[in-house]
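# An overview of the molecular structure
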Amino acid sequence: MQLSPGLSFLAKILPLYFITSASTHFFSDAIRVRYIYNLPSWAIILFSAISQPLFIMARGYYSDYSDRRKAVALGAVMIPTVEEKWPVTINTAKILVNNLKDGYPGEFMWGWMKKYGNTFKVFLPFERLVWTSEPGHIKAILATQFDSFEKGPSFIELASSMLGTGVFNSDGVFHRAITRPFFIRERISDFEIFGVHADEALRQAKVRLAEGYPIDFQDLVSRFTLDSASEFLLGQNVESLSGGLAYPKNSSKLIPPSFDSHPSNRFVTAFMQAQTQLSFRLSQGGTWPLQELFSDHIAPNRKVLDEFVTPLMEMAIRKKSQLKDDLEERETDNLLDHLVQQTEDPRVLMDEVVNLLAAGRDTTASLLTYAVYMMAEHPDMTQRLRDEIISKVGPTNQPTYENIREMKFLRAFLNEVLRLYPPVPFNERISNKDAIFPSSVPGSRPLYVPALSRCVYSVFVMHRRTDLWGPDSMEFDPDRFIDERLSKYLTPNPFIFCPFNAGPRICLGQQVSSILVKSNFIKGLILSYPAIAEVFVVQFG
C-alpha cells in the first residue's frame, strides 16, 4: 500500500529529528554525569526537542556563510534576500498562499521588485526560492545555462500525482525527441481537422445565444481545443463538445445529470481540480506534503483522467497489432500510434497522453479566451481583424498556411494577448550545481545561484515591465509588434517575450496552438459576430 504524501514526508524527516534529539539528550546527560552539573531533566528534554529546529537554523547560517565565500571566489554577489519578520519564514509563506487564493498573478512580486530588484531570494521551510523576471536570467535558465537547471526531483515528486513521468514532468531528451517530429509544419498545415471542431463549437454558441442564455466561453473553447488536440495527436476525437454547454446556475434551465457524467466533462473537472491542487502545492514549499497527511489530494482526479485515457491507449495498441506488418500505414501514424511503437507500458503511455491532452487543451483555451476578452473590450481592433481576414482569406474560403502568415495584424493581436496573458505565467527550475546569473547592469557583478536553489521565473511579470516594453506596457496595443516599438524593444532583446518558453524546452505545440486560434475559430467567430463586443462583453462581467 502506497503511503500518502504526508506520511511519506514524515517517514523521511522524523528519523533525522529523533536522531538529532536523542543525540542531544544523551550528550547533555553525559555532561551532567561527568561534571556533576545539576541540569534539570525538563531542561534536557526541552533542549532535545528544539535541537532539530536549532540545527536547521544553524545549518542555514552556515550555508549562507559558505555561499558568500563561493560568490566572492567567483567574482559574484549574493542575490538580495527578502527580509522576513519571523525566523521561520511564516510571513513569506502566508503571502504566497494568499496571493494564490485571492490575489492577482504575481501581485506580491511588484513590491519586492521595487525594494530588492528584479531577481531576489525568499526562504520557505526546507528550501530557498529565487524569483526572477529578468530576461538575462530567464535566458540563462532556459538556454545559455540550460544544463545547470532542471525540473529536479522535488518538482517531479510534487507533480507526479498528476503528470507522472510524462513530457512535462521529466528531465532529459527522450520524451521530447519522440514527440518533436509530430509538430513540424507538414503535419499541422492541414486545417480541416481544426475547422470541423471550430464550426461545431460556434454552432453550439449560436444555438445557446439564440435561446437567450449566456455561455461560459472558456468552457466552450476548452472543449474545442480538447477535441482538436485529441484528434490531431491521438487520432481519435474525444467528442467533448457532444457533452453540451452548461446553462448558467441562476437560469430556469436545469442542467441534466448526463452533463456532469459525460466522460469529457468529468475529465475537464478532474483536470481543473488537479491543476488547482498542484498550484497550492507549489505555494507551500517543501512542506506541502503535510497538507495531505492522510491522502493524496490529486490521486482521485488522476484516476478520472486515466479512466478517460485508457480506451484511447487500448485502441492504439490494438491498431498496432493489426497493422504491425503494414509499413506504409505506419508512416501516417499519429503521435499516440508512434508512442505505442516505442512502448506498450500502460503507465508510460497514460502519463504521456495525459500530459499532451492537458497541454493541448489548456494553452490554446487560455489564448482564445483572452483573445475574445480583448476583442470585446476593443471593437476597433475587432473590426481591423475582420477587414484583414476578409481581405486575405475571404468570407467563405478555408485559410491556408500562407494566408495565416500574411495576416500581420492578427499575428500582432495574438502576440499582444500572449504578452499580457501568457498561458503559463510562472514556471520553475532547480539549479543542479552552482550557477551565475549575468549582471543586468553594465559594470556590476553577476549574481551567485547556489546549487539546489528553486528558481521561479515569471514571464507574466517580465512582459509587463515598463523598462522593457515602454511606459505603455500595461496597455493592450497590438501595434507594438508592428510599429517602431518592435525594433526599439523586442528586436534587440528577444528574450523579453517568452510566452511559450525558450531554448531546448520550448513549447513543441506552439505552432499548433497558433494555428488553432488563427484559422477557422477566429475567422468564424469574427464573421459570425461583427458586433462581438455587444455579444460577449456580458460574458466577462
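Refer to the structure printed above.
This write-up is about the structure you can find in this document. (Residues numbered from 1 in each chain as written. Predicted model: local features only at pLDDT ≥ 70, side-chain atom pairs only at ≥ 80, totals over all residues. Heavy atoms only, no water.)

## Considering a nonpolar patch on the surface
- Side chains of L3, L7 and F294 sit close together on the surface and give an oily, nonpolar patch of about 330 Å² of accessible area.
- Examined against the element boundaries, F294 turns out to sit in the loop between helix 12 (263–284) and helix 13 (299–322).
- Overall, the relative accessible area of 69% leaves F294 in the exposed class. (Patch = residues over 30% accessible without salt bridge, like charges linked within 9 Å, V, L, I, M, F, W, Y side chains within 5 Å. Areas by Shrake-Rupley, 256 points an atom, 1.4 Å probe, with all protein chains shown as cover. Salt bridge = Lys/Arg side-chain N within 4 Å of Asp/Glu carboxyl O. Helix = DSSP H or I, 4+ residues; strand = E, 2+ residues; numbered from the N terminus. Buried < 20%, exposed > 50% of the residue type's maximum accessible area, 1.4 Å probe, protein only.)

## What to know about the nonpolar core
- In terms of nonpolar packing, the biggest core is built from 64 residues, with F217, L220, M375, F413, F437 and F521 touching the most fellow members.
- Sort the elements by how many residues they give to this core and helix 19 (residues 408–420) lands first, with eight residues.
- Counting 38 residues, the second-largest nonpolar core is a separate cluster that includes F155, V268, A274 and V354. (Core = buried A, V, L, I, M, F, W, Y, C linked by side-chain atoms within 4.5 Å.)

## A word on the packing of aromatic side chains
- A complete count under the given rule lists 15 aromatic pairs for this structure.
- Judged by centre distance (6.5 Å) and plane angle (5°), the ring pair of F267 and F271 falls under stacked. One end of the pair, F267, and the other, F271, are both in helix 12, four residues apart, so they sit about a helical turn from each other.
- Clustering of aromatic rings is evident, with ring pairs tying together F108, W112, F120, W131 and F426.
- Over the aromatic face of Y247 sits the side chain of R208, whose NZ or CZ is 3.7 Å from the ring centroid.
- In this structure, R464 is placed above the aromatic ring of Y421, and the distance from its NZ or CZ to the ring centre is 5.6 Å. (Phe/Tyr/Trp six-rings, centres within 6.5 Å; stacked < 30°, edge-to-face > 60°. Lys NZ or Arg CZ within 6 Å of the ring centre and 35° of its normal.)

## Quick look at unusual backbone geometry
- Positive phi is not limited to glycine here, since L452 has a value of about 65°.
- The phi angle at N501 is positive, at roughly 70°, despite the residue not being glycine.
- Along the chain, the position of N501 falls in the loop between helix 22 (484–490) and helix 23 (510–528).

## Digging into the side chain of D306
- Within the element layout of this structure, D306 appears in helix 13.
- Relative accessible area serves as the criterion here: at 12%, D306 is assigned to the buried category.
- D306 has contacts with R347, M350 and V354, leaving out every residue within four places of it along the chain. (Contact = heavy atoms within 4.5 Å.)

## Quick word on helix 17 (residues 379–392)
- Along its 14 residues, helix 17 runs 20 Å from first to last C-alpha, staying within 8% of the 20 Å computed at 1.5 Å per residue.
- Buried residues of helix 17: M381, T382, L385, E388 and I389, and no others. Within helix 17, the buried residues cover an arc of 125° as seen down the axis, which keeps them to one side. Exposed residues pointing more than 90 degrees away from the buried face of helix 17 are listed as D380 and S391.
- One or two positions beyond helix 17, positive phi appears at G394, with a value near 100°. (Expected span 1.5 Å × (residues − 1). Arc of directions from axis to C-beta.)

## Thoughts on the sheet that holds strand 7 (residues 447–449)
- Read across the open sheet, the three strands follow the order 1-7-6; overall the sheet is mixed. The open sheet has two free edges, formed respectively by strand 1 (77–78) and strand 6 (435–437), since each of these has just one partner strand.
- Note: strand 1 against strand 7, two bridges, orientation parallel. Looking across to strand 7, one finds that M78 is bridged to Y448. (Pairing = 2+ DSSP bridges.)

## Points about the pattern of salt bridges
- In the structure shown here, the tally under the stated rule is 26 salt bridges.
- Between R302 and D306 there is a salt bridge, with its nearest N and O atoms 2.6 Å apart. Placement of the pair is R302 and D306 together in helix 13, with a separation of four residues, close to one helical turn. Taken as a pair, R302 and D306 share a single burial class, namely buried.
- One salt-bridge network, in which partners are shared between bridges, spans E416, R419, D472, D477, R480, D483 and R485.

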